[in-house]
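# Descriptive structure summary
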Amino acid sequence: MDEKFSYSKAFEELQMILDELEGGNIEVDKLSSKVKRASELIKLCREKLKKTELEIKEIIKEFKEEKAE
């Protein structure tokens with residue numbers, strides 16, 4: 001996955017794909033590629049959320065350690 005691809009852009013693209021699917025505005029020939037792309041975007045978003053969560057936990061841990069000193 002492209003690290004320069006932001007969460008908000010991935011989420012925006014995913015929303016566009018979902019809108020197409022829900023609206024029935026997608027050709028059958030493109031359906032599988034759209035679903036595959038949506039799956040990739042979901043994975044990217046999950047990875048970014050997990051990475052952000054770990055970074056925040058580390059920051060909080062460091063803050064608590066500094067405060068305890």
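In what follows, the accompanying structure is described. (Residues numbered from 1 in each chain as written. Predicted model: local features only at pLDDT ≥ 70, side-chain atom pairs only at ≥ 80, totals over all residues. Heavy atoms only, no water.)

### Some details on the overall build of the protein chain
When helices and strands are tallied, the protein chain shows 2 helices and 0 strands. A compact globule built from 69 residues should have a C-alpha radius of gyration of about 11 Å, whereas the protein chain, at 18 Å, is more than 25% larger. Counting only C-alpha atoms and orienting by the principal axes, one finds that the protein chain spans roughly 60 × 20 × 15 Å. The long-range fraction of contacts in the protein chain, counting pairs at least 24 apart against all pairs at least 6 apart in sequence, stands at 76%. When the accessible surface of the protein chain is summed, it comes to about 6000 Å², and 55% of that surface belongs to carbon and sulfur atoms. Charge-centre separation for the protein chain: the mean point of 15 positive side chains lies 2 Å from the mean point of 18 negative side chains. (Helix = DSSP H or I, 4+ residues; strand = E, 2+ residues; numbered from the N terminus. Rg over C-alpha atoms; globule rule 2.2 N^0.38 Å. Contact = heavy atoms within 4.5 Å. Areas by Shrake-Rupley, 256 points an atom, 1.4 Å probe, with all protein chains shown as cover. Lys, Arg positive; Asp, Glu negative; His and termini not counted. Charge placed at Lys NZ, Arg CZ, Asp CG, Glu CD.)

### Some thoughts on a nonpolar patch on the surface
A cluster of nonpolar side chains, Tyr7, Phe11 and Leu49, forms an exposed patch at the surface whose accessible area comes to about 290 Å². Along the chain, phenylalanine 11 turns up in helix H1 (residues 7-23). Its relative accessible area of 43% is what places phenylalanine 11 among the partly exposed residues. (Patch = residues over 30% accessible without salt bridge, like charges linked within 9 Å, V, L, I, M, F, W, Y side chains within 5 Å. Salt bridge = Lys/Arg side-chain N within 4 Å of Asp/Glu carboxyl O. Buried < 20%, exposed > 50% of the residue type's maximum accessible area, 1.4 Å probe, protein only.)

### Focus on the nonpolar core
The biggest cluster of nonpolar side chains holds 7 residues, and these are Ala10, Leu14, Ile17, Ala38, Leu41, Leu44 and Cys45. Secondary-structure elements contributing two or more residues to this core are H1 and helix H2 (28-68). Take this core: its biggest share by element is 4 residues, from H2. (Core = buried A, V, L, I, M, F, W, Y, C linked by side-chain atoms within 4.5 Å.)

### Side note on H1
Relative to the 24 Å expected for 17 residues at 1.5 Å per residue, H1 spans 24 Å between its end C-alpha atoms, a close match to the ideal helical length. As for H1, its buried residues are in contact with H2. Following H1 by one or two positions, glycine 24 adopts a phi angle in the positive range, close to 70°. (Expected span 1.5 Å × (residues − 1).)

### A look at the packing of H1 against H2
Each packed pair of helices is defined by two parameters, the angle between the axes and the distance between the axes. H2 packs onto H1 with a crossing angle of 150° between their chain directions and a minimal axis gap of 9 Å. Judged by the angle between their axes, H1 and H2 are roughly antiparallel. The handedness of the crossing between H1 and H2 comes out as left-handed. Packed against H1, whose contacting residues are Tyr7, Ala10, Phe11, Glu13, Leu14, Ile17, Glu20 and Leu21, the element H2 presents Leu31, Lys34, Arg37, Ala38, Leu41, Ile42, Leu44, Cys45, Lys48 and Leu49 at the interface. When its residues are assigned to classes, the contact of H1 with H2 shows 13 nonpolar, no polar and 5 charged. (Axes fitted to C-alpha atoms, helices over the stretch in contact; angles between N-to-C directions. Parallel < 35°, antiparallel > 145°, perpendicular 65-115°, else oblique. Left-handed = near helix turned anticlockwise from the far one by under 90°. Nonpolar A, V, L, I, M, F, W, Y, C, P; charged D, E, K, R; others polar.)

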